[in-house]
Amino acid sequence: MSRHEFQPGRFIAGFFLTLTGVIYAGDAGEAWDTPWFVVIPLVTAGLCLAAAAGTVAHGVRRRRRRALHTRETQGQDSAP
């Protein structure tokens, strides 16, 4: 099984949207009563957190890639 790179933004967005689905499923199954407007801040907060996590992860990946490229370049120049 090939590995893929972890994307925290997608994970967080999926978690919040799944949580929203569970809340509405509980409301539809009459386990509890959920007002219609509860979902708006939940989805908005989830998407904002996902965007922040994705931006941070992108910055970290870009910095690691640049550092790795710099190390490889310096290693080739110093070889006899």
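Remember, predicted model here, so these are calculated numbers, not experimental data. (Residues numbered from 1 in each chain as written. Predicted model: local features only at pLDDT ≥ 70, side-chain atom pairs only at ≥ 80, totals over all residues. Heavy atoms only, no water.)

(A) Looking closely at the overall build of the chain. The secondary structure content of the chain amounts to two helices and zero strands. In terms of overall dimensions, the chain is more spread out than a globule: its C-alpha atoms have a radius of gyration of 21 Å, far above the 12 Å expected for 80 residues. Each principal axis of the C-alpha distribution contributes one length, and for the chain these read about 75 × 30 × 10 Å. Looking at the chain as a whole, 18% of its 80 residues qualify as buried. (Helix = DSSP H or I, 4+ residues; strand = E, 2+ residues; numbered from the N terminus. Rg over C-alpha atoms; globule rule 2.2 N^0.38 Å. Buried < 20%, exposed > 50% of the residue type's maximum accessible area, 1.4 Å probe, protein only.)

(B) Examining the packing of aromatic side chains more closely. Overall, the coordinates contain three aromatic pairs when judged by the stated rule. Geometrically, the ring pair formed by phenylalanine 6 and phenylalanine 11 is tilted, given 6.2 Å between the ring centres and 50° between the ring planes. You'll find phenylalanine 6 and phenylalanine 11 in the same group, each marked exposed. Ring centres of tryptophan 36 and phenylalanine 37 lie 5.8 Å apart, and the angle between their planes is 90°; this geometry places the pair in the edge-to-face category. Residue classification places tryptophan 36 among the exposed residues on the basis of a relative accessible area of 62%. (Phe/Tyr/Trp six-rings, centres within 6.5 Å; stacked < 30°, edge-to-face > 60°.)

(C) Here's a closer look at the environment of arginine 62. By the secondary structure assignment, arginine 62 is in helix α2 (residues 39-78). In this structure the C-alpha to C-alpha distance between arginine 62 and glycine 26, which are 36 residues apart in sequence, comes to 41 Å.

(D) View of helix α1 (residues 8-28). With 21 residues, α1 should reach 30 Å at 1.5 Å per residue; the first-to-last C-alpha distance of 30 Å fits that figure. All of the buried residues along α1 are Pro8, Gly9, Ala13, Phe16, Thr20, Ile23 and Gly26. The buried residues of α1 occupy one face: seen down the axis, they fall within an arc of 155°. Exposed residues pointing more than 90 degrees away from the buried face of α1 are listed as Arg10, Phe11 and Ala28. Immediately downstream of α1, the backbone of glutamate 30 shows phi near 60°, a positive value. (Expected span 1.5 Å × (residues − 1). Arc of directions from axis to C-beta.)

By themselves, these are just geometric observations and shouldn't be taken as functional.
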